[in-house]
Amino acid sequence: WSIKMNNGSAESLAQYRTNITEIEPVLGKLADGSDVYWMLQDPVYEQQLSDSRRMITNRQIDEYNEVAAAILNGTNRKSKSNIKIFSVSRLVSEETIEQSLDGLHVPEISRDINAMILMNSFCNKVMKPIDGSCCQPTPPVTIIQKLAASFFILSVGAYMAISIIQRNKHRKNKMCTDIESGEEKKPPTVTPAASTLEVALFSFSKLGLIMAYFYFCDRANLYMKENKFYTHSSFFIPIIYILVLGVFYNENTKEVKPGGEGL
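So, how was this worked out
Residues numbered from 1 in each chain as written. Predicted model: local features only at pLDDT ≥ 70, side-chain atom pairs only at ≥ 80, totals over all residues. Heavy atoms only, no water. UniProt positions renumbered as here; feature names shortened; annotations may be inferred. Helix = DSSP H or I, 4+ residues; strand = E, 2+ residues; numbered from the N terminus. Buried < 20%, exposed > 50% of the residue type's maximum accessible area, 1.4 Å probe, protein only. Polar contact = N/O pair within 3.5 Å; in protein donor to acceptor, adjacent residues only side chain to side chain. Contact = heavy atoms within 4.5 Å. Phe/Tyr/Trp six-rings, centres within 6.5 Å; stacked < 30°, edge-to-face > 60°. Lys NZ or Arg CZ within 6 Å of the ring centre and 35° of its normal.

Under an unreviewed UniProt entry, the name given to the protein is Cas1p 10 TM acyl transferase domain-containing protein, and the organism recorded is Engystomops pustulosus. UniProt, in the comment section headed Subcellular location (unreviewed entry), describes the protein in these words: "Membrane". Looking at the protein in UniProt, the text filed under Sequence similarities (unreviewed entry) is "Belongs to the PC-esterase family. CASD1 subfamily."

Have a look at this one:
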């Protein structure tokens, strides 16, 4: 309406920027305690617009959307705003606007998809479906996960510190031995034997990396979840097949022989 009534003037865009700037603090406070979505203006199908709407162009709409997104994204506040820019509605409309009856109002299918996405953004937080992570917030880190992460981080740090100390100590002992014997000093070539504590810390460090990998793949919502289907046949048939092969293709030997005739 601003574009139509003011014939797409720059003054109208400036007034729109002023209005959005004034209501942004109010929306920001509201977003601190609830979900606030700002829907971007949908594009139009310019070829189908009537003569009274010819001034409503997609370029004008883009300028208005850029102003709203820049202000509501928190660039004018000290902290990041919690207002969510509902830009997916514009992406949906770009694919369906050609089905519009007047070139301005989006078809019903666009409204249905937008409504479904908005409902998912609310319902998925409560239902937490296992077949996807769309519109779900990242689950909070539990106290057990925090303690485990702290333990593994300390293990990595302790392992690195002990390794450096052990190798520096071995290097100094080697240099002292060479000087006392009158031999030419040579760099140490033998790695000192790892202590039991060092081996344990190294094992905990590897376990921590494995657990971190599991967390990012399965618990952090970085990847879409897939349904897991289990059947007795799909589980036991491969195991039985491998077992049969192992029974018929075995040989008693005291040494390991690599496979292949040419070796």
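A. Main features of the side chain of S155. Residue position: S155 is located in helix α6 (residues 143-181). Take S155: its relative accessible area is 3%, and that puts it in the buried class. Of the polar contacts made by the side chain of S155, one reaches the backbone oxygen of F151; its length is 2.9 Å. Beyond its immediate sequence surroundings of up to four residues, S155 is in contact with L201, F204 and S205.

B. Geometry of unusual backbone geometry. At N7, a position not held by glycine, the phi torsion is positive, near 55°. Tracing the chain through its elements places N7 in the loop between α1 (2-5) and α2 (10-31).

C. Highlighting the packing of aromatic side chains. Tallying each qualifying case throughout the model produces eight aromatic pairs. When the centroid spacing of 5.3 Å and the interplanar angle of 45° are considered together, the rings of Y159 and F202 count as tilted. A residue pair is termed long-range when its members are at least 10 positions apart, and Y159 in helix α6 and F202 in helix α7 (residues 196-218) qualify at 43 residues. Relative accessible area serves as the criterion here: at 22%, Y159 is assigned to the partly exposed category. Classification of F202 as partly exposed rests on a relative accessible area of 37%. Among the aromatic residues, those joined into a ring-pair cluster are F151, F152 and F204. The cationic tip of K84 hangs over the ring face of Y37; the distance from NZ or CZ to the ring centre is 5.7 Å.

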